[in-house]
Amino acid sequence: MAEEKHMWEAIELSRRNIQQGVGGPFAAVIVRNGSIVARGTNLVTSTNDPTAHAEIVAIRAACRSLKTFQLSDCEIYTTCEPCPMCLGAIYWARLKAVVYANTRRDAAAIGFDDEFLYHEFTLPLTDRKISLTQMLRHDALQVFQEWAFMEDKTRY
């Protein structure tokens, strides 16, 4: 089964990633028309980049390789249910499907617990752990208006 082959590839990538000590036990592959077009592993600790999750790394690689910012004809196979950040990136990249192996509870059981984030996003802005303060909206809104009226912009 082709789908299992892609997931096995992701699982083996995650294993090599922890053996090499470059990041956590996560990996992802992006598939288009049955072929892998990009691979990504968790590189958070080796790159000092908290956004270098496997799915994000794979999305960036796929977009570079395919020379596009939309992956609407691709699927992602990932070794774990995507965290909120990765799920957001998956939606922004417009991937058509996510296939995952481990659950977010499996990840929590080994120290990768995102439940705090899922809960935090349900709270009103004023009740969140990180304060959000709005300022200079009027000035920033002018740039939005400029964008809205540009005729030669690339929509995404």
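The structure we're discussing is the one just above.
Analysis parameters
- Residues numbered from 1 in each chain as written.
- Predicted model: local features only at pLDDT ≥ 70, side-chain atom pairs only at ≥ 80, totals over all residues.
- Heavy atoms only, no water.
- Pairing = 2+ DSSP bridges.
- Helix = DSSP H or I, 4+ residues; strand = E, 2+ residues; numbered from the N terminus.
- Buried < 20%, exposed > 50% of the residue type's maximum accessible area, 1.4 Å probe, protein only.
- Contact = heavy atoms within 4.5 Å.
- Expected span 1.5 Å × (residues − 1).
- Arc of directions from axis to C-beta.
- Phe/Tyr/Trp six-rings, centres within 6.5 Å; stacked < 30°, edge-to-face > 60°.
- Lys NZ or Arg CZ within 6 Å of the ring centre and 35° of its normal.

1. With respect to the pairing of strand E2 (residues 35-41)
Then comes step 1: In terms of strand pairing, strand E1 (residues 27-32) meets E2 through six bridges, oriented antiparallel. Bridge pairing in E2 places Val31 opposite Ile36.
Then comes step 2: Hairpin connection between E1 and E2: a loop of two residues separates the two successive antiparallel strands, and Asn33 in this loop has a positive phi of roughly 50 degrees.

2. Quick look at unusual backbone geometry
Then comes step 1: Positive phi is not limited to glycine here, since Asn33 has a value of about 50 degrees.
Then comes step 2: Mapped onto the secondary structure, Asn33 falls in the loop between E1 and E2.
Then comes step 3: Even without glycine at this site, Leu136 takes up a positive phi of about 55 degrees.
Then comes step 4: Position of Leu136 among the secondary structure elements: in the loop between helix H6 (115-120) and helix H7 (137-149).

3. What to know about the side chain of Thr78
Then comes step 1: By the element assignment, Thr78 lies in strand E3 (residues 74-80).
Then comes step 2: When its relative accessible area of 1% is taken as the criterion, Thr78 is described as buried.
Then comes step 3: Dropping the residues within four chain positions of it, Thr78 is found in contact with Met7, Ala27, Ala28, Glu55, Val98, Val99, Tyr100 and Ala101.

4. Focus: helix H1 (residues 2-20)
Then comes step 1: For H1, with 19 residues, the first-to-last C-alpha span of 27 Å sits near the 27 Å given by 1.5 Å per residue.
Then comes step 2: All of the buried residues in H1 are His6, Met7, Ala10, Leu13, Ser14 and Asn17. Projected down its long axis, H1 carries its buried residues within an arc of 115 degrees, all on one side. Those residues of H1 that are exposed and aimed more than 90 degrees away from the buried face are Lys5, Trp8, Gln19 and Gln20.
Then comes step 3: Where H1 is buried, its residues touch E1, E2, E3 and strand E4 (97-102).

5. So, the packing of aromatic side chains
The geometry of two aromatic rings is summed up by the distance between their centres and the angle between their planes.
Then comes step 1: Counted according to the given criterion, the structure contains two aromatic pairs.
Then comes step 2: Here the aromatic rings of Phe69 and Tyr156 are separated by 6.0 Å at their centres, their planes lie at 80 degrees, and the arrangement is edge-to-face. Within this pair, whereas Phe69 is found in the loop between helix H3 (54-66) and E3, its partner Tyr156 is found in the segment after H7, the two being separated by 87 residues in sequence.
Then comes step 3: With relative accessibility at 43%, the residue Phe69 sits in the partly exposed group.
Then comes step 4: Over the face of the ring belonging to Tyr118 we find Arg104, whose NZ or CZ atom lies 3.7 Å from the ring centre.
Then comes step 5: The side chain of Lys153 reaches across the aromatic face of Trp147, ending 5.0 Å from its centre.

So yeah, pure geometry; function would need other evidence.
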